[in-house]
Amino acid sequence: MSDIKLVDVTKQYEGQPQPAVDAVSLDIAAGELVVFVGPSGCGKTTTMKMINRLIEPTSGQILLGGADVMSIEPNELRRHIGYVIQQIGLFPHMTISENIQLVPGLLGWNRDRSRRRADELLDLVGLDPAAYRDRYPRQLSGGQQQRVGVARALAADPPVMLMDEPFGATDPITRERLQKEFLRLQAELRKTIVFVTHDFDEAVKLGDRIAVLKERSRVAQYDTPARILAAPADDYVASFAGSATAIKRLALIPAVRLPGEPLDERDGLPVLERGGSARDALDLMVRRGTSRVAVGDRTVDFAMICALLEDEHGR
Ligand SMILES: Nc1ncnc2c1ncn2[C@@H]1O[C@H](COP(=O)(O)OP(=O)(O)OP(=O)(O)O)[C@@H](O)[C@H]1O
């Protein structure tokens, strides 16, 4: 299993008056996508990099599937944990395929198997292998390069992925497309993912759970996007989550994330389009004059959505 457990983790950089990360504890379940969100400098990246030992904690413990990461050999750890960063880090003198084959190469796979794997991964991230495998990074757009970055991190099929503002450098439209593709990919792959961003909307869109961090990475709230929006733990979380109106926030919550009852097909409820948001579910109810709609194999009801809105106004 690839759950991640942080126990009282502290990082004190030399010469700094305060720790960058101060006694942080957090449990991340296997197969879950957890987003660390917080303002610049609050310690998100430092916390994340301690998980794959790019940074060593001053004290505390990080457990990966129950084993202390400090006891896992660094190469073994890297095979287990894919890593995607904003600057992508593709090697300019290597083709796209060669870039993706780096990790399989390190693992000693033969060339045929590595090549096949690179093609398979290009396909997975929506790039036609025949068109892209032999190009160089500079011949790709920023969004395409970012997809290659994700493909490369997935090369050895690691159960865990660390992603540090992976879509941060792309324009808003590309970013939205990458987010959607990424969610589709994760629905299929179910990796354990730690995703760092300072964009709260991105956190709401992507996270199964969000850890809202304040200074020194202290956890202000750790919960599902719907619950954080409906019931922020304190003023800090509320102001961080604050700018959007309640109804706009509904548009950020995928309807599949709302609590619901199992669907009985015989009810003949209107069916929400795949990928629809809580806002879309509400629209469908209003249009069809029903108080429940089918979302996948469950139903979502009007009262649930009202509760989200009311909590918002009640504050
Ligand atoms: N190598 C280092 N030496 C000393 N201080 C550091 C070092 N790396 C980071 N810091 C400090 O630790 C704090 C947390 O930095 P970190 O990069 O983890 O924050 P962050 O939340 O990821 O920020 P951002 O969103 O701007 O990337 C900051 O105050 C930063 O200046």
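Calculation notes
- Residues numbered from 1 in each chain as written.
- Predicted model: local features only at pLDDT ≥ 70, side-chain atom pairs only at ≥ 80, totals over all residues.
- UniProt positions renumbered as here; feature names shortened; annotations may be inferred.
- Helix = DSSP H or I, 4+ residues; strand = E, 2+ residues; numbered from the N terminus.
- Rg over C-alpha atoms; globule rule 2.2 N^0.38 Å.
- Buried ≥ 20, exposed ≤ 12 C-beta atoms within 10 Å, placed from the backbone.
- Contact = placed C-beta atoms within 7 Å.
- Near = placed C-beta within 6 Å.
- Nonpolar A, V, L, I, M, F, W, Y, C, P; charged D, E, K, R; others polar.
- Expected span 1.5 Å × (residues − 1).
- Pairing = 2+ DSSP bridges.
- Axes fitted to C-alpha atoms, helices over the stretch in contact; angles between N-to-C directions.
- Parallel < 35°, antiparallel > 145°, perpendicular 65-115°, else oblique.
- Left-handed = near helix turned anticlockwise from the far one by under 90°.

An unreviewed UniProt entry lists the chain under the name Osmoprotectant transport system ATP-binding protein, with Nonomuraea roseoviolacea subsp. carminata given as the organism. According to UniProt, the comment filed for the chain under the heading Sequence similarities (unreviewed entry) is "Belongs to the ABC transporter superfamily."

1. Details of the overall build of the chain
If you tally the helices and strands in the chain, you get 14 helices and 13 strands. For the chain, whose C-alpha radius of gyration is 21 Å, the value lies close to the compact-globule estimate of 20 Å for 315 residues. Each of the three principal axes of the chain carries a C-alpha extent, and together these read 60 × 55 × 35 Å. Taken across its 315 residues, the chain has 39% of its residues classed as buried. Within the chain, residue pairs in contact and separated by at least 24 positions form 66% of the contacts whose partners lie at least 6 positions apart.

2. Details of the site of the ligand
Taken together, the neighbourhood of the ligand is formed by Tyr13, Gln16, Ala20, Gly38, Ser40, Gly41, Cys42, Gly43, Lys44, Thr45, Thr46 and His198. Taken together, the residues that form the shell around the ligand break down as three nonpolar, eight polar and one charged.

3. Looking at helix H1 (residues 44-51)
When you tally the buried positions in H1, you get seven out of eight residues, the bulk of the element. Among the residues of H1, Lys44, Thr45, Thr46, Thr47, Met48, Met50 and Ile51 are the ones counted as buried.

4. Thoughts on helix H5 (residues 111-124)
With 14 residues, H5 should reach 20 Å at 1.5 Å per residue; the first-to-last C-alpha distance of 20 Å fits that figure. Looking one or two places after H5, you find Gly126, whose phi comes out positive at around 85 degrees.

5. Brief notes about the sheet that holds strand E3 (residues 33-37)
Taken in spatial order, the six strands of this open sheet run E6-E7-E8-E3-E9-E10, and their pairing is mixed. The outermost strands of the open sheet, each flanked by one partner alone, are strand E6 (81-85) and strand E10 (219-223). With direction set aside, neighbouring strand axes in the sheet form an average angle of 15 degrees. Pairing of E6 with strand E7 (residues 160-164) involves five bridges; the strand directions are parallel. Bridge assignment links Ile81 to a residue of E7, and that residue is Val160. In this fold H1 packs onto E3, E6, E7, strand E8 (192-197) and strand E9 (209-213), with an angle of close to 155 degrees to the strand it touches most, E8. Along the sheet, helix H7 (residues 142-153) contacts E6 and E7; its crossing angle with E6, the most-contacted strand, is approximately 165 degrees.

6. Let's talk about the packing of H7 against helix H8 (residues 172-189)
Two elements in contact, H7 and H8, have axes whose closest approach is 10 Å; the angle formed by their N-to-C orientations is 25 degrees. Between H7 and H8, the angle falls in the class roughly parallel. In this structure, H7 crosses over H8, and the sense of that crossing is right-handed. Contacts from Gly142, Gly143 and Gln146 in H7 reach Thr174, Arg177 and Leu178 in H8. Each residue belonging to the contact of H7 with H8 can be placed in one class, and the counts come to one nonpolar, four polar and one charged.

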